[in-house]
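So the chains spell out like this:
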Amino acid sequence: MKRNKYIWLLWVGVIIIAGILIASMVNSYLIEKHKNEIDIKHTVIKKDLQWVKENAYFEVDMNVKEKEYELYIVGEGERKYQQVEDSELGKKDDTIVTGDFSFFLWTEEYGHEAAKQELELPNPMTFNLSQKNIGTFLVNQQNIAAVFQGEEANEVMAYFYTIHNGELVTLTDYGMRIFSKDIKNIQQNYIQTLRKKDKEIMEFDTWMLEQNNGKLLKVDATSVDNKEIIKNWLDEEEFYYPYKNLSVTSSLMNLAEQGMLIGAQYPIGTNIKEIKKINSNYMEEEYNQKYNQLNFPEVTYYYDKSTELVTSISIPGVRLKESVQSIQDTIGKPEDYVTKEDGYVATYSAGNYKLIIQLDLSQRIKTIRLVK
């Protein structure tokens, strides 16, 4: 009886050891299998550069600071044909290519080969080779590429890409629906897109490139129903809509006392020729018989026609998106506060200058103007 008990315990021990050995073998197999899958996944597929150039539908120059890259979009089993009549894809005789596409990247160190990128386009895709399909923008010393799908009138999907740590990465988790393929590059630091919010209202979205994670970050969104502003944005290449990039601080008054307005590069007294020489992105018009105004998207300079010296500066309130209360909390109550039909006007003295703040009926800032 005692002997049977020892035999039973021996068998239990053998079974446990066998189970441990089998589990160890299975675990080792799974680890090796996963390692092989990773190795396969990260195997860089390279193609002869000349072959890539000959088979690419699009070639995009991409720079990251001083390093130069070339990005190619190559079809894989795509179909190419000409339109026999007008359709939603384009006009008669336009060349259409549809199917799956891949990215290939080349830089000087790759020699005569281009590396296929693991990142895939949202296949299948369709391109009209007679239309605008790609856009590039310089943001923070590196290029962003936008690949477009669809027509105008809020049916455009934009897919954004850049190069991060030597590889192509996507800047948004999904495609971005926009109203137009026109995208504004603002001072090489931001991009601005336009989208339809509802039947009557459009929205200007302003984006920056977040360097650490290689993603687009929305810094401002402003809804607009002014058809003239929207038309200017669509028609004028250099025109962009002002966005929030200022805050109300005590420097508002300190600068005003020196003849400078927050958000403006030049003070009162500057010769208008100097401003025109440095920045050509302006529109000029007559203010009245004595003064002209030089309009930039973010600031307006008023100058005397005879002396050509700046006498007044204004910025749009959308750059602050603040109420009169935030102004009063920071620099105190105005010396003068006048009610108008379309809003209010608050006036502050700043040494030899006056700070005039125009408000709408909800007491939000419409404009801030500095005059001597």
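A few words now on a negative patch on the surface. There is a patch of like negative charges on the surface, built from Glu59, Asp61, Glu68 and Glu108. Counting through the fold element by element, glutamate 59 comes out in strand S2 (residues 56-64).

Turning our attention to the environment of valine 219. Residue position: valine 219 is located in strand S15 (residues 215-224). Sequence separation of valine 219 and methionine 208 is 11 residues, and the distance between their C-alpha atoms is 6.7 Å. Among residues more than four places away in sequence, those in contact with valine 219 are Tyr190, Thr206, Trp207 and Met208.

Read across the sheet, 8 strands follow the order S16-S17-S18-S19-S23-S22-S21-S20 without closing on themselves; strand pairing throughout is antiparallel. The open sheet has two free edges, formed respectively by strand S16 (283-286) and strand S20 (336-340), since each of these has just one partner strand. The mean inter-strand angle of the sheet, taken between neighbouring strand axes irrespective of direction, is 20°. Both strand S22 (residues 353-359) and strand S23 (residues 365-371) contribute to a ladder of 6 bridges, which runs antiparallel. Counted as the bridge partner of leucine 359 is isoleucine 365 from S23.

Now for the sheet that holds S15. The antiparallel open sheet is built from 4 strands, whose spatial order is S12-S13-S14-S15. Pairing within the sheet leaves two strands with one partner each, and these edge strands are strand S12 (184-186) and S15. The average undirected angle you get between the axes of adjacent strands in this sheet is 30°. Inspection of the sheet shows S12 paired to strand S13 (residues 190-196) by 3 bridges, in the antiparallel sense. The residue bridging asparagine 185 from the neighbouring strand is isoleucine 191, located in S13. Where helix H3 (residues 227-235) meets the sheet, it contacts S12, S13, strand S14 (202-210) and S15, and its direction lies at approximately 125° from that of S13.

This part is about the layout of surface pockets. Reported here for the largest pocket is a volume of approximately 730 Å³. Lining of the largest pocket is provided by 25 residues; of these, Asn295, Phe296, Pro297, Thr300 and Pro316 occupy positions nearest its centre. Where the lining of the largest pocket is concerned, the elements lending two or more residues are H3, S16, strand S18 (300-304), strand S19 (310-316), S22 and S23. Tallied by class, the residues present in the lining of the largest pocket amount to 14 nonpolar, 7 polar and 4 charged. Counted as a void, the second largest pocket has a volume near 540 Å³. Forming the walls of the second largest pocket are 27 residues, and the residues nearest its centre are Gln187, Tyr240, Asn279, Asn281 and Pro297.

What follows covers the pattern of salt bridges. In this structure the tally under the stated criterion is 15 salt bridges. Among the ionic pairs, glutamate 76 bridges to lysine 116, the shortest N-O distance being 2.9 Å. Highlighted residues: glutamate 76 in strand S3 (residues 67-82) and lysine 116 in strand S5 (residues 113-120), separated in sequence by 40 residues. A salt bridge links lysine 231 to aspartate 235; the shortest N-O distance between them is 2.7 Å. Of the two residues, lysine 231 and aspartate 235 both sit in helix H3, 4 residues apart, roughly one turn of that helix. On the basis of relative accessibility, which here comes to 47%, the residue aspartate 235 falls in the partly exposed class. Each member of the salt-bridge network shares a partner with another, and the members are Arg195, Lys197, Glu203, Asp205 and Lys218.

For the protein chain, per-residue confidence averages 87 on the pLDDT scale, and 87% of positions sit at 70 or higher. Counting contacts from residues 33-41, a segment whose pLDDT is below 50, to residues more than four positions away or on other chains yields 1 contact.

The rules behind these values
- Residues numbered from 1 in each chain as written.
- Predicted model: local features only at pLDDT ≥ 70, side-chain atom pairs only at ≥ 80, totals over all residues.
- Heavy atoms only, no water.
- Patch = residues over 30% accessible without salt bridge, like charges linked within 9 Å, V, L, I, M, F, W, Y side chains within 5 Å.
- Areas by Shrake-Rupley, 256 points an atom, 1.4 Å probe, with all protein chains shown as cover.
- Salt bridge = Lys/Arg side-chain N within 4 Å of Asp/Glu carboxyl O.
- Lys, Arg positive; Asp, Glu negative; His and termini not counted.
- Charge placed at Lys NZ, Arg CZ, Asp CG, Glu CD.
- Helix = DSSP H or I, 4+ residues; strand = E, 2+ residues; numbered from the N terminus.
- Contact = heavy atoms within 4.5 Å.
- Pairing = 2+ DSSP bridges.
- Axes fitted to C-alpha atoms, helices over the stretch in contact; angles between N-to-C directions.
- 1 Å grid on protein atoms, 1.4 Å probe; cavity = no way out; pocket = protein on both sides within 12 Å on 5 of 7 lines; lining within 4 Å.
- Points joined across faces, edges and corners; volume = space filled by probe spheres on them.
- Nonpolar A, V, L, I, M, F, W, Y, C, P; charged D, E, K, R; others polar.
- Buried < 20%, exposed > 50% of the residue type's maximum accessible area, 1.4 Å probe, protein only.
- pLDDT = per-residue confidence, 0-100.

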